[in-house]
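One letter stands for each residue in the lines below.
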Amino acid sequence: MVSNLEARRGLPVPTKILVRYLPIALTLLFSAQWALDGGDLDPPSGPIASTGRFGSRIDALSLPGDSIAMHIISVPGSYYLSGNLIGTTGKSGIAIRSKNVTLDLGGFALLGVPGSASGVQADALDIPGIVVRNGQVEGWGDQGVYLGGSPYRRVENVLSRNNGSYGIQITGEQAHIVRDCQAIDNGTVAVSGGIFVSEFSLVSECAAFSNTGTGILLPSPSSLANSLSTQNSVVDIEMLDGLLRGCAFGGLLTTSATLVDNQ
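What you see is a predicted model, and the numbers here were worked out from it, not measured in a lab.

Applying the stated criterion to the full structure yields 1 aromatic pair. Arranged with centres 5.4 Å apart and planes meeting at 65 degrees, the rings of Tyr-166 and Phe-196 form a pair that is edge-to-face. One end of the pair, Tyr-166, is in strand S12 (residues 166-171); the other, Phe-196, is in strand S15 (residues 193-197), with 30 residues separating them in the sequence. Just as Tyr-166 is buried, Phe-196 falls in that class too.

Structure below.
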């Protein structure tokens, strides 16, 4: 109905109705358009796929390999695991042959078999900037994680155990970081141990336990902080120089580093 106020204005009845109800109609129209632009509120069933909004990520298990490795990363980028990787005799699990690579294990495990090589391997020269994180590496015939030959390598939140050589080994160049990692029960070959990191690097919040050989080895000036190393067969902590701070060890210590708050 038309109000008395609108009737007194002398407007035609259709115009009065339009004036009164136009705001409501426009509100409904814009609400409907917003809902359409927002997409389907009842998406189809099945796994959730990336929209690509934050860039593409590549499943490392989808990549081909060769006679040395089961899967090869050869292009810079962000890679992940979509499930566990089961090793094979004579090969590494994942070989990284490119600089600027991040490999996120996503909580999955690389599981080696007798006679396999390393779980993750990156030993080519001139491929700096490699990150491996968030998962487990177990039972490989050689190293669990081996990154060598170039600077700026980082390993974070990795549990490496029951591997033939070192659980985590980074050799060559400088400025490496190993953080929040565990190396347990590694070592069945002559040169083995828990964590080995070279050249002016940082190891922090790590644990090395019951490894054959050295628990944590830093053969050049570096920093080791807030870490535990105990019950390793040769030496719990071995450092050439640098700073050893806030660490606990089982009594086997060889170092010329500056010692602060250790026990």
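Now that the structure is up, let's keep going.
Let us look at unusual backbone geometry. With the exception of glycine, the majority of residues adopt a negative phi angle, and the majority of peptide bonds are in the trans configuration. Even without glycine at this site, Asn-134 takes up a positive phi of about 65 degrees. On the secondary structure map, Asn-134 appears in strand S9 (residues 130-138). The class of Asn-134 is partly exposed, set by a relative accessible area of 25%. Notably, Asn-162 is not glycine yet its phi reads approximately 55 degrees, a positive angle. With respect to the secondary-structure elements, Asn-162 resides in the loop between strand S11 (153-161) and S12.

On to the pairing of strand S22 (residues 242-245), then. Note: strand S19 (residues 222-225) against S22, 4 bridges, orientation parallel. Looking at S22, one finds that Leu-224 is bridged to Leu-244. Taken together, the 3 bridges between S22 and strand S25 (residues 258-260) define a ladder with parallel strand orientation. Looking across to S25, one finds that Leu-243 is bridged to Thr-258.

So, on to the side chain of Thr-214. Structurally, the position occupied by Thr-214 is in strand S18 (residues 214-218). Apart from residues lying up to four places away in sequence, Thr-214 is in contact with Ser-192, Gly-193, Gly-194, Val-234, Val-235 and Glu-238.

With that out of the way, let us pick up the confidence of the model for the chain. Scored by pLDDT, the chain comes out at a mean of 86, with 79% of its residues at no less than 70. The model gives residues 47-54 a pLDDT under 50, and that stretch makes 0 contacts with residues more than four places away or in other chains.

Quick look at the sheet that holds strand S8 (residues 120-122) now. Here we have 9 strands laid out as an open sheet, ordered S2-S5-S8-S10-S12-S15-S18-S21-S24, and parallel in their pairing. Unpaired on one side and paired on the other, strand S2 (69-73) and strand S24 (253-255) mark the two borders of the sheet. Averaged over all adjacent pairs, the angle separating strand axes in this sheet is 10 degrees, with direction ignored. Pairing of S12 with S15, which is carried by 4 bridges, proceeds in the parallel orientation.

With that settled, the discussion passes to the nonpolar core. For soluble globular proteins, the rule of thumb is that nonpolar side chains tend to be buried together. Ranked by internal contacts, the top residues of the largest apolar core, which has 41 residues, are Ile-94, Ile-96, Leu-103, Leu-110, Leu-147, Val-178 and Leu-224. In terms of residue count, S9 provides more of this core than any other element does, 3 residues in total.

Now for the environment of Asn-162. We classify Asn-162 as partly exposed; its relative accessible area is 38%. On a C-alpha basis, the gap between Asn-162 and Gly-141 in space is 8.9 Å, while along the polypeptide they are 21 residues apart. Discounting residues that sit within four places of it in the chain, Asn-162 has contacts with Glu-138, Gly-139, Trp-140, Ile-184, Asp-185 and Asn-186.

For Arg-153, the location among the structural elements is in strand S11. Within the local environment of Arg-153, its side chain forms a polar contact with the backbone oxygen of Ala-122, the two atoms lying 3.2 Å apart. A distance of 3.4 Å separates the side chain of Arg-153 from the side chain of Ser-150, its partner in a polar contact. Once residues within four sequence positions are removed from consideration, Arg-153 is found in contact with Ala-122, Ala-124, Ile-127, Pro-128, Ile-130, Leu-147, Gly-148, Ile-170, Ala-175, His-176 and Ile-177.

Turning our eyes to something else, we now look at the pairing of strand S21 (residues 235-239). The buried count for S21 comes to 4 of 5 residues, which makes it a mostly enclosed element. Pairing of S21 with S24 involves 3 bridges; the strand directions are parallel. The partner of Ile-237 across the bridge, within S24, is Leu-253.

Conventions we followed
Residues numbered from 1 in each chain as written. Predicted model: local features only at pLDDT ≥ 70, side-chain atom pairs only at ≥ 80, totals over all residues. Heavy atoms only, no water. Phe/Tyr/Trp six-rings, centres within 6.5 Å; stacked < 30°, edge-to-face > 60°. Helix = DSSP H or I, 4+ residues; strand = E, 2+ residues; numbered from the N terminus. Buried < 20%, exposed > 50% of the residue type's maximum accessible area, 1.4 Å probe, protein only. Pairing = 2+ DSSP bridges. Contact = heavy atoms within 4.5 Å. pLDDT = per-residue confidence, 0-100. Axes fitted to C-alpha atoms, helices over the stretch in contact; angles between N-to-C directions. Core = buried A, V, L, I, M, F, W, Y, C linked by side-chain atoms within 4.5 Å. Polar contact = N/O pair within 3.5 Å; in protein donor to acceptor, adjacent residues only side chain to side chain.

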